[in-house]
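Residues per chain, in single letters:
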Amino acid sequence: MTVRFQADLEKLSSFNFKKNVIYESIISTPNPDHTPNTAPMGVTMLDEKHLTLTIFNTSKTLRNLKTAQCAVINLTSDIEVFYKSTFKEINPEGKVPSEWFVQANFVKAPKLRDTDAALEVLIVNFKPIDDEKTEVTCRVQHITSKASYPQPYSRAMALTLETLIHATRIEAYLKIPQKQTETAKLIEKIRDYADIVERVAPNSIYTLVLDDLQKRIALWRQEP
Ligand SMILES: Cc1cc2nc3c(=O)[nH]c(=O)nc-3n(C[C@H](O)[C@H](O)[C@H](O)COP(=O)(O)O)c2cc1C
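## A word on the site of the ligand
Taken together, 19 residues lie around the ligand, and Ala39, Ser59, Lys60, Thr61 and Leu164 are the ones closest in. Broken down by class, the residue content of the shell around the ligand amounts to 10 nonpolar, seven polar and two charged. In terms of domain composition, the shell around the ligand takes at least three residues from each of domain 1 (8-145) and domain 2 (155-222).

## Some points on the domain arrangement of the protein
Here the protein is partitioned into domain 1 (8-145) and domain 2 (155-222). The centre of domain 1, based on its C-alpha atoms, is set 24 Å off from the matching centre of domain 2. Counting from both sides, the interface comprises seven residues of domain 1 and, opposite them, eight residues of domain 2. Per element, the largest residue contribution to the side of domain 1 that touches domain 2 is five residues, and it comes from helix H2 (residues 79-86). Residue composition of the side of domain 1 that touches domain 2, by class: three nonpolar, two polar and two charged.

## A word on the environment of glutamate 48
Its place among the elements puts glutamate 48 in the loop between strand E2 (36-47) and strand E3 (50-56). Under the C-beta neighbour-count criterion, glutamate 48 is labelled exposed, with 12 such atoms within 10 Å. Linking glutamate 48 and alanine 71, residues 23 residues apart in sequence, is a C-alpha distance of 18 Å. Once residues lying within four places of it in the same chain are set aside, the contact partners of glutamate 48 are Lys11, Leu12 and Ser13.

## A look at the sheet that holds strand E4 (residues 70-75)
Spatial ordering of the closed barrel is given by E1-E2-E3-E8-E7-E4, a layout of six strands whose pairing is antiparallel. Along the sheet, successive strands turn relative to each other by an average axial angle of 45 degrees, direction set aside. Where strand E7 (residues 117-128) and strand E8 (residues 133-145) come together, 11 bridges link them in antiparallel fashion. Within the sheet, the bridge partner assigned to proline 128 lies in E8 and is threonine 134. Lying on the sheet, H2 is in contact with strand E1 (23-30) and E2; it crosses E2 at an angle near 110 degrees.

## Topic: helix H4 (residues 180-200)
End to end, H4 covers 30 Å across 21 residues, agreeing with the expected 30 Å (1.5 Å per residue, within 8%). Within H4 the residues assigned to the buried category are Thr183, Ile190, Tyr193 and Val197. Down the axis of H4, the buried side of the element spans an arc of 80 degrees, and every buried residue falls inside it. Exposed and facing more than 90 degrees away from the buried side of H4 are Thr181, Ala184, Lys185, Glu188, Arg191, Asp192, Asp195 and Arg199. Packing partners of the buried residues in H4 comprise helix H3 (155-173) and helix H5 (205-222).

Definitions and cut-offs
- Per chain, the residues get numbers from 1 upward, laid out in the order the sequence is written.
- In keeping with the predicted nature of the model, local features appear solely for residues at pLDDT of at least 70, side-chain atom pairs appear and are counted solely at 80 or more, and the whole-chain, interface and lining totals rest on all residues.
- Put plainly, near means the residue's C-beta atom, positioned from the backbone, lies within 6 Å of the molecule or strand in question.
- Residues are grouped as follows: nonpolar covers Ala, Val, Leu, Ile, Met, Phe, Trp, Tyr, Cys and Pro; charged covers Asp, Glu, Lys and Arg; every other residue, Gly included, is treated as polar.
- Where each domain starts and ends follows an automatic or database-derived domain assignment.
- Note on contacts: residues are paired as contacts if their backbone-placed C-beta atoms lie within 7 Å.
- A run of H or I in DSSP counts as a helix once it spans at least four residues, and a run of E counts as a strand once it spans at least two, with each numbered from the N terminus.
- Residue burial here comes from a neighbour count, namely the number of other C-beta atoms, placed from the backbone, that lie within 10 Å of the residue's own C-beta, with 20 or more meaning buried, 12 or fewer meaning exposed, and in between meaning partly exposed.
- The pairing criterion for strands is at least two bridges between them, as found by DSSP.
- Axis lines are fitted to C-alpha atoms, over the contacting stretch for helices. Their N-to-C directions set the angle, which ranges from 0 to 180 degrees.
- Any helix carries an expected span of 1.5 Å times its number of residues minus one.
- Working note: the arc is built from the helix axis to C-beta atom directions.

And the structure:
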């Protein structure tokens, strides 16, 4: 990985981070058994050095952050990393592959080997929001970035990410009888997204992920 403009990269605005925008990242943290864990999480810039995340209390990531007090926020547009980090059961042994990771340089956390940029962060505050979620504030210790060509924008990327988020909700909502109307709406939306992705990115990693997610949703619906 090539590191460029190290001094400038201490600032979040070097990455075109804008205030009040949620950016989708892959956060990597150490599990209690020291194996690496990743999860897609939205991050928001607070100022040039601080980011906030809103994390479900049930997630392994929050548990790991409380113990390790640090993490790496990886910036990538690799849909496979998002997919396999959301539904770990897709991976062998139910864990993201350890060869994806190297140790971060400035914090005791795993970092994605092949990320576009890595923000190594220390946790400075945990603030409970409600019974379900906690707001986590991080301070950026170090930033590395690949000197790379820009990722051309495809609508398939956003729609596939949206489907992944809907799928996490559908999996949870199917167990709650009062959420059935909402679940049906989300499934309908995924069908619409799948139609668009089929048009803008046929026979691609995006259609592959969408097909697989739709199959998984059909299986979850059959479960008693
Ligand atoms: C694009 C995307 C963004 C997500 N953002 C968040 C988030 O901001 N906070 C959160 O708690 N979960 C978020 N999720 C859901 C978690 O990534 C998902 O529940 C994951 O399985 C948690 O993994 P963990 O238990 O290993 O932490 C997001 C999922 C996707 C696909």
